[in-house]
Amino acid sequence: MSVKIQTVGVIGAGQMGSGIAHVSAAAGFDVLLYDLSQESLENALATVSGNLARQVNSGKITETDRTEALARIKPVKQMDALASCDLVIEAATEEEAVKRKIFQALCPLLNPEALLATNTSSISITRLAAQTDRPERFMGIHFMNPVPKMNLVELVRGIATDDKTFDAAKVYVAALGKTVTVAEDFPAFIVNRILLPMINEAIYTLYEGVGTVDSIDTAMRLGANHPMGPLQLADFIGLDTCLSIMQVLHDGLSDSKYRPCPLLVKYVEAGWLGRKAGRGFYDYRGETPVPTR
């Protein structure tokens with residue numbers, strides 16, 4: 001029997017979680033958005049509402065679509081509210097210890113048939129699945145940021161993931177109107193395995209004085225036709241996230257080519273995490289972003 005997904009739980013109301021809630025609700029799924037912080041939940045709903053309004057203005061959806069999608073998202077502060085979900089997607093901080101704790105608390109509350117997924121961008125699906133009571137019903141559903149705009153979703157099976165779980169995930173992603181790419185369970189999967197070392201190399205290029213922030217970003221935008229430069233992109237992703245993915249690559253593959261650039265480490269230690277912190281490789285506190293080096 002195939003698994004039918006109607007109610008989707010999302011754990012974490014940050015940038016990724018709110019995006020997953022948005023696209024799921026817009027596709028007709030009932031969504032329970034869980035976060036411990038009331039402020040995060042309120043911010044998430046405001047973000048979703050604003051993004052849906054932009055889609056109305058650009059003619060992609062109607063005002064009725066917007067109000068119906070918003071009505072399908074229910075914010076919850078108690079994890080046991082997720083008991084009725086058919087699929088729960090964890091989109092918490094990119095820290096393995098945090099994710100493990102969430103799954104250990106969540107599993108006893110869920111219907112035994114419910115599917116579990118993680119939106120991790122780099123951590124082993126097999127290892128996370130082993131922390132749950134349902135490794136065969138667990139997999140990676142990795143959305144790209146920003147979720148409403150990006151068409152790709154990486155599906156990653158753990159060693160124990162069964163075919164029914166994989167097929168149900170494919171049907172869910174297709175319902176969102178997104179394209180699946182299947183990645184094997186290796187550190188950082190496909191997109192970040194290629195993208196993050198490029199960003200790290202751009203930071204090394206800055207660190208070694210080969211170019212300034214502006215010259216590096218201009219070079220890659222105009223010379224490689226990238227929509228944004230690698231340092232601007234790093235700020236958008238969050239330098240803490242970039243660093244944690246590089247550390248996962250370095251630890252998991254034991255290859256010196258994945259060593260995080262010391263300058264990236266320094267920025268993270270300074271709390272200059274990019275756009276969300278107001279400073280990273282650019283300073284965002286004024287009218288227009290200004291390079292910090």
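Note that this is a predicted model, so its numbers are computed, not measured.

(A) A look at the sheet that holds strand β8 (residues 179-183). Reading across from one edge, β3-β2-β1-β4-β5-β6-β7-β8 is the order of the 8 strands in this open sheet, with mixed pairing throughout. Each edge of the open sheet carries a strand with a single partner, namely β3 (73-76) and β8. Across the sheet, the axes of successive neighbouring strands diverge by a mean angle of 25°, strand direction being ignored. In this sheet, strand β2 (residues 30-34) lies alongside strand β1 (residues 7-11) in parallel orientation, the contact comprising 5 bridges.

(B) Just the environment of Cys261, in detail. Along the chain, Cys261 falls in the loop between α10 (239-253) and α11 (262-269). Here Cys261 falls in the buried class, since its relative accessible area comes to 0%. Apart from residues no more than four positions distant in its own chain, Cys261 is found in contact with Asn200, Ile203, Tyr204 and Tyr207.

(C) Summary view of the side chain of His22. Mapped onto the elements of the fold, His22 is located in helix α1 (residues 15-26). Classification of His22 as buried rests on a relative accessible area of 3%. A distance of 3.0 Å separates polar atoms of two side chains, one belonging to His22 and the other to Gln55.

(D) Quick peek at unusual backbone geometry. The omega torsion across Asn145 and Pro146 is 0°, close enough to zero to call that bond cis. Mapping Pro146 onto the fold places it in the loop between β6 (138-143) and β7 (152-157). Backbone geometry at Phe189 places phi at a positive 60°, although glycine is not the residue there. When you line up the elements, Phe189 lands in the loop between β8 and α7 (191-207). Phe189 gets classed as buried once you look at its relative accessible area, which sits at 6%. Residues other than glycine seldom take positive phi values, yet Ser254 does so here, at roughly 50°. In this fold, Ser254 is placed in the loop between α10 and α11.

(E) Structural detail: the UniProt feature "domain: 3-hydroxyacyl-CoA dehydrogenase NAD binding" (unreviewed entry) in the chain. With numbering aligned to this structure, UniProt lists the feature "domain: 3-hydroxyacyl-CoA dehydrogenase NAD binding" (unreviewed entry) at residues 7-185. For residues 7-185, the helix share is 39%, the strand share is 22%, and the end-to-end C-alpha distance is 26 Å.

(F) Layout of the packing of aromatic side chains. On inspection of all chains with the given rule, the structure shows 6 aromatic pairs. Relative to Phe138, the ring of Phe103 has its centre 5.1 Å away and its plane inclined at 80°; by these criteria the two rings are edge-to-face. Remark: Phe138 occurs in strand β6 and Phe103 occurs in helix α4 (residues 96-106); sequence separation between them is 35 residues. Relative accessible area serves as the criterion here: at 0%, Phe103 is assigned to the buried category. Owing to a relative accessible area of 0%, Phe138 belongs among the buried residues under this scheme. Seen from their ring centres, Tyr204 and Tyr207 are 6.2 Å apart, and the 65° between their planes marks the pair as edge-to-face. Here Tyr204 and its partner Tyr207 are both found in helix α7, 3 residues apart, which amounts to about one turn of the helix. Residue Tyr204 is classed as buried on the basis of its relative accessible area, which comes to 11%. The class of Tyr207 is partly exposed, set by a relative accessible area of 43%.

(G) Expanded view of the pattern of salt bridges. In the structure shown here, the tally under the stated rule is 11 salt bridges. Taking the shortest distance from any N to any O, the salt bridge between Arg285 and Asp283 comes out at 2.7 Å. By relative accessible area, which is 17% here, Asp283 ends up buried. One salt-bridge network, in which partners are shared between bridges, spans Glu90, Glu94 and Lys99.

What counts as what
- Here the residue numbers are simple positions, counted from 1 along each chain's written sequence.
- Confidence filtering applies because this is a predicted model: local features only for residues at pLDDT of at least 70, side-chain atom pairs given and counted only at 80 or more, and all residues used for totals across whole chains, interfaces and linings.
- Hydrogen atoms and water are omitted, and side-chain values are computed over all heavy atoms in the structure.
- Only when DSSP finds a minimum of two bridges between them are two strands counted as paired.
- Secondary structure is summarised from DSSP: a helix means a run of H or I of at least four residues, a strand means a run of E of at least two, and numbering begins at the N terminus for each.
- For every element, the axis is a line fit to its C-alpha atoms; helices are fit only across the contacting stretch, and the angle between N-to-C directions ranges from 0 to 180 degrees.
- Using a 1.4 Å probe on the protein chains alone, a residue whose accessible area is under 20% of its type maximum counts as buried, one over 50% counts as exposed, and one in between counts as partly exposed.
- Residue contacts are counted whenever heavy atoms from the two residues lie within 4.5 Å of one another.
- What qualifies as a polar contact is a pair of N or O atoms within 3.5 Å, subject to a donor-acceptor requirement within protein and to the restriction that residues adjacent in sequence count only when both atoms come from side chains.
- UniProt positions are given in the numbering used here, feature names are shortened, and annotations may be inferred rather than shown by experiment.
- For this analysis, a ring pair means two rings from Phe, Tyr or Trp (six-membered ring only for Trp) whose centres lie within 6.5 Å, classed as stacked if their planes differ by under 30 degrees, edge-to-face if by over 60, and tilted for the remaining angles.
- A pair is scored as a salt bridge if a Lys or Arg side-chain nitrogen falls within 4 Å of a carboxyl oxygen belonging to Asp or Glu.

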